[in-house]
Amino acid sequence: MGGRPSSPLDKRQQQHLRGQVDTLLRNFLPCYRGQLAASKLPQVREHRGPLTQLQGHPPQWQPIFCVLRGDGRLEWFSHREEYENGDRPLGSTVLTGYTVLTSQSEYLHLLDTLCSESSGHHTQEEPDPLLEMPVSFPLFLQHPFRRHLCFSAATAEAQRAWRLALQGGIRLRGTVLQRSQAPAARAFLDAIRLYRQQQGHFGDDDVTLGSDAEVLTAVLMRELLPALRAQTLPGLRGAGRARAWAWAKLLDAVHAAVLAGASAGLRAFQPEKEELLAALEKTIRPDVDQMLKLRERVLGRLQANVQGPLESCLRRKVDAQLPRVTQTLLSAVEAELAAVQTLLTQGMDCLSRHLRGSPSSTRLRKEVYSFGEMPWDPELMQTCYREAERSRGRLGQLAAPFGFFGTQSLAFGAQDLAQQLMADAVATFLQLADQCLTTALDCDQAAQQLEKVRGRVLKKFQSDSGSARRRFIHGWLLCIFLPFVLSQLELSCKAELPEFEGDVLAVGSPALTIEGIYEDVIRGVLLQRINRDVETEAQRGTCSRQPGSSTEVPLCPLPPPGTFQS
């Protein structure tokens, strides 16, 4: 009584069950590991360390402990111990919309031009600490509508590490809607575009970077800015850079108020949104066949009506430049994908070398951990990300005549693509390696198995990257040219839409609109042009360079990993 009951299973049965559990885990964990890899995006690696910050009244450089969270939020504390104790930070900010500058002279020039009346002169009453104390390794975070943040690192290495980490956080926060697969996110972005077109703004730019509330805030801030400048700027105290700082502080207050209002408004709209979606689900599903037939009928009539003006517009204003933009975009994406494959190949080869030369399980686990962290290592991935940045200037020049100024969004999208492809390939390698490596293999046999896995991973990467590249190119060429073509046809074609509206209104569903069908017509014809040019550029050899043919990318060691979970 009270003693531990004996097991009805003998030792052989218990050992058999342990073997079954081990088999289950061996087969399950690769799937789990892959899903963990997928769920890790769009996280950034947490980065922390000591910095100095320009703060206080009057501003002075003061030591702080800074932490970049995995969700792209930057926090700073008076001391490291406050962070470790879980205390509230001195300050924090989300990084949406910021730009990192590491040149003090470049930042001071930005301040000089921030206020239209600021010519760079400074008053003796308000000395400029930035001028009086030159900063060796600065990190200036600049935002068009928010207060600037001025930090300084102790060394060039720390400055570079923080710059790469901050840029990753900025991208993470900026592309949250573009990465989302939710229909509501796409609907929101389309609604922003249509709203701005109604305001007469047809071009695409970087206003859609951020969450829904942040995007709405950016839209309104751009509308408010001219009046704010005219009404407030003349009354600001100070001169030169002191005045520019005061202007940034004022904009920060306006931005905070607008963001709070936009957030509250979207929260209040949420119940109505859910009710609307539920009602649409009930009404659309029974009538979907009829709606699609009607849509095709109206689309055919519309296409015949707009074909002439549309073809004329494309021949006169698009056809000459479309191949140049396509070639530039293709070259940039190909260079980025080549860098990704080079980095991936070197990582797999490095694992094979360690397996052959170092049978230590502890060392091998560290190398596997490092390999698994590659997609989230900003230093390593920078070799891929810089390819997208290199093309921004040329793409901006080619696309600006069409009203496209969203080159930052485009570069972020290309970098997200590189990170996602790398994450998928790494997860595939680890999953296949788990399946084929057993304790019965010696080091040479295991290395041979990894070589086979390497080939399969590279083959899958080439297939995945080819499909992703096509989607990326088509999507961004549409972003560049579709708003321009719509603006050119606004007077000649859109004015005739009311005569087609009766058939659509008869359906009685908000899911089908004549404006949406009209835009589908324009998009379809433009996509035919895009497909033709993409295929032409591919045949000319634009895409003939195979991924992996780029210059070798040095693998940098990662920080010491924690316990590796096999």
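Predicted model, so just to flag it, every value in this text is computed and none were measured. (Residues numbered from 1 in each chain as written. Predicted model: local features only at pLDDT ≥ 70, side-chain atom pairs only at ≥ 80, totals over all residues. Heavy atoms only, no water.)

**Student:** Help me understand the overall build of the chain in this model?
**Tutor:** A count of helical and extended segments in the chain gives 17 helices and seven strands. With 566 residues in all, the chain has 44% of them scored as buried. Accessible surface, the chain as shown: approximately 29,700 Å² in total, 54% of it carbon and sulfur. (Helix = DSSP H or I, 4+ residues; strand = E, 2+ residues; numbered from the N terminus. Buried < 20%, exposed > 50% of the residue type's maximum accessible area, 1.4 Å probe, protein only. Areas by Shrake-Rupley, 256 points an atom, 1.4 Å probe, with all protein chains shown as cover.)

**Student:** For this particular structure, what's the right way to read the pattern of salt bridges?
**Tutor:** Should the charged atoms of two oppositely charged side chains come close, the side chains can pair. Taken as a whole and judged by the stated rule, the model has 26 salt bridges. Residues Arg45 and Glu373 are paired through a salt bridge, measuring 3.4 Å at the closest nitrogen-oxygen approach. Linking Arg45 in the loop between α1 (11-40) and β1 (47-55) with Glu373 in the loop between α11 (361-372) and α12 (378-390), this pair joins segments that are 328 residues apart in sequence. Between Asp190 and Arg193 there is a salt bridge, with the nearest N and O atoms lying 3.8 Å from each other. (Salt bridge = Lys/Arg side-chain N within 4 Å of Asp/Glu carboxyl O.)

**Student:** Got a minute to help me understand the side chain of Thr326 in this structure?
**Tutor:** Along the polypeptide, Thr326 turns up in helix α10 (residues 322-357). Thr326 has contacts with Leu477, Asp533, Val534 and Glu537, leaving out every residue within four places of it along the chain. (Contact = heavy atoms within 4.5 Å.)

**Student:** It is not clear to me how the packing of α10 against helix α17 (residues 514-539) should be interpreted in this structure. Could you clarify?
**Tutor:** When two helices pack together, their arrangement is given by the angle between the helix axes and by the axis-to-axis distance. Two elements in contact, α10 and α17, have axes whose closest approach is 10 Å; the angle formed by their N-to-C orientations is 60°. With respect to their mutual orientation, α10 and α17 come out oblique. In this structure, the crossing between α10 and α17 has a hand that is right-handed. Here Leu322, Pro323, Thr326, Gln327 and Leu330 of α10 lie close against α17, whose contacting residues are Arg529, Ile530, Asp533, Val534 and Glu537. Per-class residue counts for the contact of α10 with α17 are five nonpolar, two polar and three charged. (Axes fitted to C-alpha atoms, helices over the stretch in contact; angles between N-to-C directions. Parallel < 35°, antiparallel > 145°, perpendicular 65-115°, else oblique. Left-handed = near helix turned anticlockwise from the far one by under 90°. Nonpolar A, V, L, I, M, F, W, Y, C, P; charged D, E, K, R; others polar.)

**Student:** When you look at helix α5 (residues 156-174) in this model, what are you seeing that I'm missing?
**Tutor:** An α-helical segment advances 3.6 residues per turn. Residues three or four places apart therefore align on the same side. Taking 1.5 Å per residue, 19 residues should reach 27 Å; α5 reaches 27 Å between its end C-alpha atoms and fits that length. Looking only at α5, the buried set comprises Gln159, Trp162, Arg163, Leu164, Ala165, Leu166, Gly168, Gly169, Ile170, Arg171, Leu172 and Gly174. (Expected span 1.5 Å × (residues − 1).)

**Student:** How should helix α7 (residues 183-198) be read in this particular structure?
**Tutor:** Between the first and last C-alpha of α7 there are 22 Å, a value that for 16 residues agrees with the 22 Å anticipated at 1.5 Å per step. On its buried side, α7 packs onto α6 (176-179), α8 (212-232) and α15 (443-488). At the C-terminal side of α7, Gly200 shows a positive phi close to 90°.

**Student:** Just checking my understanding: could you explain the packing of aromatic side chains for this structure?
**Tutor:** Given two aromatic rings, their pairing is described by the distance between the two centres and the angle made by the two planes. Per the stated rule, a full pass over the model turns up nine aromatic pairs. Centroid distance Phe402 to Phe484: 4.9 Å. Interplanar angle 90°. Geometry classified as edge-to-face. With Phe402 in the loop between α13 (392-399) and α14 (407-436) and Phe484 in helix α15, this pair connects stretches of sequence that are 82 residues apart. An aromatic cluster is defined as three or more aromatic residues linked by ring pairs; in this entry it consists of Phe65, Phe77 and Tyr83. One residue, Arg171, lies across the ring of Tyr385, its end atom 4.7 Å from the ring centre. (Phe/Tyr/Trp six-rings, centres within 6.5 Å; stacked < 30°, edge-to-face > 60°. Lys NZ or Arg CZ within 6 Å of the ring centre and 35° of its normal.)

**Student:** Explain the packing of α12 against α14 here, please?
**Tutor:** Put simply, α12 and α14 touch, their axes get as near as 9 Å, and they point 150° apart. What the angle tells us is that α12 and α14 run roughly antiparallel. Of the two possible hands of crossing, α12 and α14 adopt the one that is right-handed. Together, Met381, Tyr385, Ala388 and Glu389 of α12 and Gln408, Ala411, Ala414, Gln415, Ala418, Gln419 and Met422 of α14 make up the contact between the two elements. When its residues are assigned to classes, the contact of α12 with α14 shows seven nonpolar, three polar and one charged.

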